[in-house]
Amino acid sequence: MADIDFPVEIRELRNTLTSVERVIDVDSLRGEVEELSVQAGAPDLWDDPAEAQKVTSKLSHAQSRLERLSVLNGRIDDLEVLVELAEAESDQESLAEASRELSSLQKSLQDLEVVTLLSGDYDEREAVITIRSGAGGVDAADFAEMLLRMYLRWAERRGYSTQVLDTSYAEEAGLKSATFEVKAPYAYGTLSVEAGTHRLVRISPFDNQGRRQTSFAAVEVVPLIEQTDSIEIPENEIRVDVFRSSGPGGQSVNTTDSAVRLTHVPTGIVVSMQNEKSQLQNRAAAMRVLQSRLLLLKKQEDEAEKKALAGDVKASWGDQMRSYVLNPYQMVKDLRTEHEVGNTTAVLDGDIDDFIDAGIRWRANQRNSAEGA
């Protein structure tokens with residue numbers, strides 16, 4: 001323990017926490033909690049269940065952030081007391097405990113710092129994620145299903161609510177595509193760094209000769225549309241097709257034409273929904289996702305125009321943003337941030353926080369570089 005200068009380390013912890021509190025703007029956060037608490041206490045709140053859920057979710061998230069800051073302040077105070085007592089009594093066991101708590105606090109503050117980097121236009125929104133199988137045949141379809149499970153497990157670990165809106169099954173195994181919502185504040189800002197092409201290398205379980213196969217899947221992340229967004233789509237720009245929902249292997253799971261496919265004619269964007277029970281519910285869900293995609297498209301067009309005016313600024317994600325190698329060795333590596341781990345099983349089971357944090361920091365650096373240029 002002699003090589004740890006606890007007073008210096010504790011002072012650094014306090015400085016970091018103060019900086020985080022300044023960025024988060026604790027006074028404004030407290031005001032937000034008070035305002036949302038009033039809304040949550042309104043007697044007619046649940047007359048609109050969707051709006052009620054949104055209010056209570058925002059309130060819970062804001063309260064959680066305040067509580068997190070309070071707990072960290074308390075832990076730093078406790079650490080300081082523990083170190084003082086341990087050093088006064090030359091208690092090596094307590095100093096070892098203080099060392100472990102110091103490391104834990106440093107990690108917690110690093111995680112909290114990442115949240116302060118979510119300052120994009122739509123970062124605080126809930127997210128709609130679509131996963132599509134790419135090149136690689138049945139292995140790609142299986143990979144798409146593996147990614148769906150990975151993200152759902154990640155959300156479950158964090159206590160986030162999810163809703164699968166659409167699943168299109170491949171003939172032999174896996175998924176052609178899947179669309180789901182993550183219903184948590186800042187879900188879009190957090191998960192948007194997962195957008196891009198993912199690559200899987202493994203011995204194919206579908207190849208009777210046991211050959212190594214490379215397959216690809218694409219992940220799309222868009223912010224969920226809100227009532228305040230001005231995205232209106234004329235009826236004559238939408239083509240609506242209805243069909244029967246189906247499950248794996250084409251087995252019918254619905255005896256009526258309840259599934260809906262919307263095609264936005266000007267852009268060619270297609271959205272299919274089949275997981276709700278009625279055609280009206282599927283159409284409403286499809287329209288919500290279509291509006292979200294058009295909202296993001298509009299933002300991308302605006303940013304492209306700004307880049308054209310400012311000159312060529314290279315801040316591209318690239319075609320392949322992450323590789324999952326299961327054979328001949330075990331490794332998951334992000335090709336943008338260079339972050340890599342060897343425990344592929346944990347990653348595919350939803351342990352992707354370190355990849356997401358590294359991606360958020362990478363994106364912030366890219367934005368800062370672009371603005372500087």
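For the structure, see preceding data.
Rules used throughout
Residues numbered from 1 in each chain as written. Predicted model: local features only at pLDDT ≥ 70, side-chain atom pairs only at ≥ 80, totals over all residues. Heavy atoms only, no water. Pairing = 2+ DSSP bridges. Helix = DSSP H or I, 4+ residues; strand = E, 2+ residues; numbered from the N terminus. Axes fitted to C-alpha atoms, helices over the stretch in contact; angles between N-to-C directions. Core = buried A, V, L, I, M, F, W, Y, C linked by side-chain atoms within 4.5 Å. Buried < 20%, exposed > 50% of the residue type's maximum accessible area, 1.4 Å probe, protein only. Contact = heavy atoms within 4.5 Å. Phe/Tyr/Trp six-rings, centres within 6.5 Å; stacked < 30°, edge-to-face > 60°. Lys NZ or Arg CZ within 6 Å of the ring centre and 35° of its normal.

Caption draft 1: Spatial organisation of the sheet that holds strand β8 (residues 269–273). Reading across from one edge, β6-β7-β8 is the order of the 3 strands in this open sheet, with antiparallel pairing throughout. Edge positions in the open sheet fall to β6 (238–243) and β8, since each of these has one partner strand only. Across the sheet, the axes of successive neighbouring strands diverge by a mean angle of 15°, strand direction being ignored. In terms of strand pairing, β6 meets strand β7 (residues 259–264) through 6 bridges, oriented antiparallel. In the sheet register, Val240 faces β7, and the bridge partner there is Leu262.

Caption draft 2: Inspection of the nonpolar core at higher detail. Counting residues in hydrophobic clusters, the biggest one holds 58 residues, and the most contacted among them are Ile129, Ile131, Leu147, Tyr151 and Tyr324. Examining the composition of this core, we find that 9 residues originate from one element, helix α5 (residues 137–158), more than from any other. Sequence-distant contacts of Ile129, that is, excluding residues within four places in its chain, are made with Ala178, Thr179, Phe180, Val182, Leu191, Val219, Glu220 and Val221. Ranked by size, the runner-up nonpolar core spans 28 residues in total, among them Phe6, Leu13, Val20 and Ala62.

Caption draft 3: Region of interest: the environment of Ser292. Looking at where Ser292 falls in the secondary structure, it is placed in helix α7 (residues 279–310). A residue is classified by how much of its surface remains accessible, and Ser292, at 0% relative accessible area, is buried. In this structure the C-alpha to C-alpha distance between Ser292 and Leu224, which are 68 residues apart in sequence, comes to 5.4 Å. With near-sequence residues (within four places) excluded, Ser292 lies in contact with Val222, Pro223, Leu224 and Ile225.

Caption draft 4: Local environment of unusual backbone geometry. Geometrically, the link from Asn327 to Pro328 is a cis peptide bond, its omega value of 15° lying close to zero. Relative to the assigned elements, Pro328 resides in the loop between β9 (320–325) and β10 (331–334). Backbone geometry places Asp25, a non-glycine residue, at a positive phi of 65°. With respect to the helices, strands and loops of the structure, Asp25 is situated in the loop between α1 (6–24) and α2 (26–40). We note that Tyr186 has phi near 65°; this positive angle belongs to a residue other than glycine. Topologically, Tyr186 is positioned in the loop between β3 (175–183) and α6 (187–191).

Caption draft 5: View of the packing of aromatic side chains. Tallied over the full model, the rule gives 2 aromatic pairs. Ring geometry for Phe143 versus Tyr324: centroids 5.5 Å apart, planes at 70°, classification edge-to-face. With Phe143 in helix α5 and Tyr324 in strand β9, this pair connects stretches of sequence that are 181 residues apart. The two residues Phe143 and Tyr324 agree in class, both being buried. Look at Trp154 and Tyr160: their rings are 5.6 Å apart centre to centre, the planes differ by 75°, and that puts the pair in the edge-to-face class. Taking the relative accessible area as the measure of exposure, Tyr160 reaches 22% and is therefore partly exposed. When the ring centre of Trp362 is taken as reference, the NZ or CZ atom of Arg336 above it lies at 5.6 Å.

It is worth stressing that arrangement in space is one thing and function is another; only the former is reported here.
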